[in-house]
Amino acid sequence: MNGLRPMRPRDTAESHRVATPLELFFDLCFVVAVSFAGSQLHHALSEGHLAQGLSGYLTCFFAIWWAWMNYTWFASAYDVDDWWYRITTLVQMSGVLVLAAGVPRAFQDGDISLFVLGYVIMRLAMASQWLRAAAGHPEGRRTALRYAAGICAAQVAWVVLLFVPQEWRLAGFVVCALAELAVPVWAEAAGRTPWHPHHIAERYGLFTLIMMGENVLAATVAVQEAGREHGIQAGLIVLAVSALVIVFALWWIYFAPPTADLLTSNRRAIPWGYGHYLIFAGIGALSSGVEVSLDHLTGKAHIPAVAAGYAVAVPVALFLFMVWLLHLRPHRYGGADTAAFLAATALVLLAPLTPQPVPVMAVVCAALVILTEAGRWRRRSRP
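Okay, so let's go over this structure. The written sequence of each chain sets the order in which its residues are numbered from 1. Where totals are concerned, whole chains, interfaces and linings use all residues; where local detail is concerned, this predicted model gives features only for residues with pLDDT of at least 70, and gives and counts side-chain atom pairs only at 80 or more. Side-chain metrics in this entry use all non-hydrogen atoms of the structure; hydrogen atoms and water are not considered.

1. Section: the packing of aromatic side chains
Pairing of aromatic side chains here covers Phe, Tyr and the six-membered ring of Trp, requires ring centres within 6.5 Å, and sorts the geometry by plane angle: under 30 degrees stacked, over 60 edge-to-face, intermediate tilted. Using the criterion set out here, one finds 33 aromatic pairs in the structure. Ring centres of Tyr204 and Trp272 lie 4.6 Å apart, and the angle between their planes is 50°; on these two criteria the pair is classed as tilted. Here Tyr204, found in helix α7 (residues 197-230), pairs with Trp272, found in helix α9 (residues 266-297); they are 68 residues apart in sequence, far enough to count as distant. When its relative accessible area of 0% is taken as the criterion, Tyr204 is described as buried. Summarising the aromatic geometry, the rings of Tyr254 and Phe255 are spaced 4.9 Å apart at their centres and angled 75° between planes, so their arrangement reads as edge-to-face. The cut-offs for exposure are 20% and 50% of the maximum accessible area for each residue type, with area from a 1.4 Å probe on protein chains only; residues under the lower value are buried, those over the upper are exposed, and the others partly exposed. Judged by relative accessible area, Tyr254 falls into the buried class, the value being 3%. Site record: aromatic cluster; members linked through ring pairs are Tyr57, Phe61, Phe62, Trp65, Trp66, Tyr119, Trp158, Phe173, Tyr274 and Tyr277. By definition, being over a ring means that NZ of Lys or CZ of Arg is both within 6 Å of the ring centre and within 35 degrees of the ring normal. Here the basic side chain of Arg192 rests over the ring of Trp195, its NZ or CZ set 3.8 Å away from the ring centre. Each helix is a run of H or I in the DSSP string that is no shorter than four residues. Each strand is a run of E no shorter than two, and both are numbered from the N terminus.

Structure below.
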């Protein structure tokens, strides 16, 4: 193991910069929390508790995503990989597991104490990393100290939220979330941290892959259980194949355009990074939607067919629109690609009005892949 050394910045033009085993381990722990939140969303939607399910999922997912995002950008700039850095990262991973354990209580009972405890553990560990960066990198000290101060102040707000009456808690959450979102904007105004564009693009791509893998796992387990309880039916096979086609298509669509070239400045990178909240939330909710559709197919859901269809359609449409907004639109590929993405998004949202919504969505997503690939080949063939 490397000895303790000053936390100096990484080279922003470093060649062959890739994710480390520690970063991949970090991602896996966070996906555990995502799966807990998705499971609770599934049960809430199947029982017809739409408002409770959405508010619980979006708030829980924000905490998971924000802690992941902050570590990712920090590690891109200051990963020294010594024993203290590793221990601090492992503390953050422990915090997300505490948070994950608190997700069911937050959803079902409104008890957010364990959830907030896990979140505060993660964020205070992150603040300590920034203090170490301030000590080791004099040129970036002002920025690092702003990060540390902002994170600590935000944690005070989260602790105060524990004592806010239940009816005001959602409004209090919004205030706390906005405070967290403001910290990087305020800190980076004092000087850009030396994050690596290609490393950031790879980290976001890897997290997308891991979450898609969790989708496949959750949907496969759900199909297996449904088949064991009710037997293998044609409708079950169609739903399983359609869900798999959708996940494959979303993977293809996300990784089609290059993204590292878009991250040329904080002005571009911060909206891109923040916008991934909706992309990741959509991926995380997709498996819940498929499980809701399975519940409806087997008669376990207490919602109409249209509602079950929208449990899949909304995450897919959200993903398509945000990928167009963050990945496709900045490349200025042309009107045909934009029209294809926006039309596909609209058709996905209309699919629940059809007798077979998930297969229709699968066809739409597959067609979008074909159209976008055709567009890529046209652009490559131009002189």
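Still more ground to cover, so stick around.
2. Notes on the nonpolar core
Residues belong to one nonpolar core when they are buried, are Ala, Val, Leu, Ile, Met, Phe, Trp, Tyr or Cys, and are joined through side-chain atoms within 4.5 Å. Ranked by internal contacts, the top residues of the largest apolar core, which has 119 residues, are Trp130, Ile246 and Phe280. When residues of this core are assigned to their parent elements, the largest contribution, 17 residues, is made by helix α2 (residues 50-78). Throughout, a contact is declared for two residues whenever any of their heavy atoms are within 4.5 Å. Sequence-distant contacts of Trp130, defined by excluding residues within four places in its chain, comprise Phe74, Tyr78, Ala144, Tyr147, Ala148, Ile151 and Thr193.

3. So, the packing of helix α1 (residues 21-46) against α9
Only C-alpha atoms enter the line fits that serve as axes; for helices the fit covers just the stretch in contact. Angles between N-to-C directions range over 0 to 180 degrees. Orientation of α1 relative to α9, taken along the N-to-C sense of each, is 35°, at an axis distance of 8 Å. The two elements α1 and α9 meet at a crossing, and its hand is right-handed. Taken together, the residues of α9 that come into contact with α1 (itself represented by Val34, Gly38, Ser39, Leu41, His42, Leu45 and Ser46) are Gly284, Ala285, Ser288, Glu291, Val292 and Asp295. Gly counts as polar in this scheme, as do all residues outside two lists: the nonpolar Ala, Val, Leu, Ile, Met, Phe, Trp, Tyr, Cys and Pro, and the charged Asp, Glu, Lys and Arg. Of the residues assigned to the contact of α1 with α9, the class counts are five nonpolar, six polar and two charged. The handedness criterion is simple: a crossing whose near helix is rotated anticlockwise from the far helix by less than a right angle is left-handed, and one whose near helix is rotated clockwise is right-handed.

4. Quick word on the pattern of salt bridges
Note on definitions: salt bridges are taken to be side-chain nitrogens of Lys or Arg within 4 Å of carboxyl oxygens of Asp or Glu. Overall, the coordinates contain eight salt bridges when judged by the stated rule. Residues Glu14 and Arg10 are paired through a salt bridge, measuring 3.0 Å at the closest nitrogen-oxygen approach. Because the salt bridges share partners, they merge into one network encompassing Glu23, Asp27 and Arg203.

5. What about empty space enclosed by the protein?
Method remark: on a 1 Å grid restricted to protein atoms, a set of points is classed as a cavity if a 1.4 Å probe fits but cannot get out and as a pocket if it is open with protein on both sides within 12 Å along at least five of seven lines; lining residues have an atom within 4 Å of a point. Grid points are joined across faces, edges and corners, and a volume is the space filled by probe spheres set on the points. Enumeration over the complete set of coordinates arrives at one cavity of 30 Å³ or more. Approximately 170 Å³ is the volume attributed to the largest cavity. As for the largest cavity, its lining consists of 13 residues, and the residues nearest its centre are Met69, Trp73, Tyr147, Pro184 and Glu188. Where the lining of the largest cavity is concerned, the elements lending two or more residues are α2, α6 (169-188) and α9. For the lining of the largest cavity, the leading source of residues is α2, giving four residues. For the lining of the largest cavity, the residue count by class is nine nonpolar, three polar and one charged.

6. Description of helix α8 (residues 234-255)
What a helix is expected to span follows from its residue count: subtract one and scale by 1.5 Å. With 22 residues, α8 ought to run about 32 Å at 1.5 Å a step, and its terminal C-alpha atoms sit 32 Å apart, in line with that. Of all the residues in α8, the buried ones are Leu236, Leu239, Ser242, Ala243, Ile246, Val247, Ala249, Leu250, Ile253 and Tyr254. Angularly, the buried residues of α8 cover 165° about the axis, an arc narrow enough to put them on a single face. Among the exposed residues of α8, those pointing more than 90 degrees away from its buried face are Ala234 and Phe248. An arc is given here, and it is the one of the directions from the helix axis to the C-beta atoms.

7. Thoughts on the packing of helix α4 (residues 113-136) against helix α5 (residues 141-161)
For the pair α4 and α5, the least separation of the axes is 8 Å and the interaxial angle reads 165°. For the element pair α4 / α5, the angle class is roughly antiparallel. Seen from above, α4 lies across α5 with left-handed handedness. Each of Val116, Tyr119, Val120, Arg123, Leu124, Met126, Ala127, Trp130, Leu131, Ala133, Ala134 and Ala135 in α4 lies in contact with α5, whose residues at this interface are Arg141, Ala144, Leu145, Tyr147, Ala148, Ile151, Cys152, Gln155, Trp158 and Val159. For the contact of α4 with α5, the class distribution of residues is 19 nonpolar, one polar and two charged. In these notes the angle categories are as follows: under 35 degrees is roughly parallel, over 145 is roughly antiparallel, 65 to 115 is roughly perpendicular, and the rest is oblique.

8. Focus on the environment of Thr72
Looking at the element boundaries, Thr72 is found in helix α2. Here the alpha-carbon distance between Thr72 and Asp27, two residues 45 residues apart in the chain, equals 9.5 Å.

9. What to know about the environment of Leu350
In this fold, Leu350 is placed in helix α11 (residues 335-350). Among the residues examined, Leu350 registers a relative accessible area of 47% and is labelled partly exposed. Separated by 71 residues in the primary sequence, Leu350 and Ile279 place their C-alpha atoms 20 Å from one another.

10. Looking at the side chain of Ser293
Structurally, Ser293 is set in helix α9. Here a polar contact means two N or O atoms within 3.5 Å. Within protein one must be a hydrogen donor candidate and the other an acceptor candidate, and residues neighboring in sequence count only if both atoms are side-chain atoms. At 3.4 Å, the side chain of Ser293 forms a polar contact with the backbone oxygen of Ala308. In this structure Ser293 touches Leu239, Ala308, Val312 and Val358, once residues within four positions along its chain are discounted.

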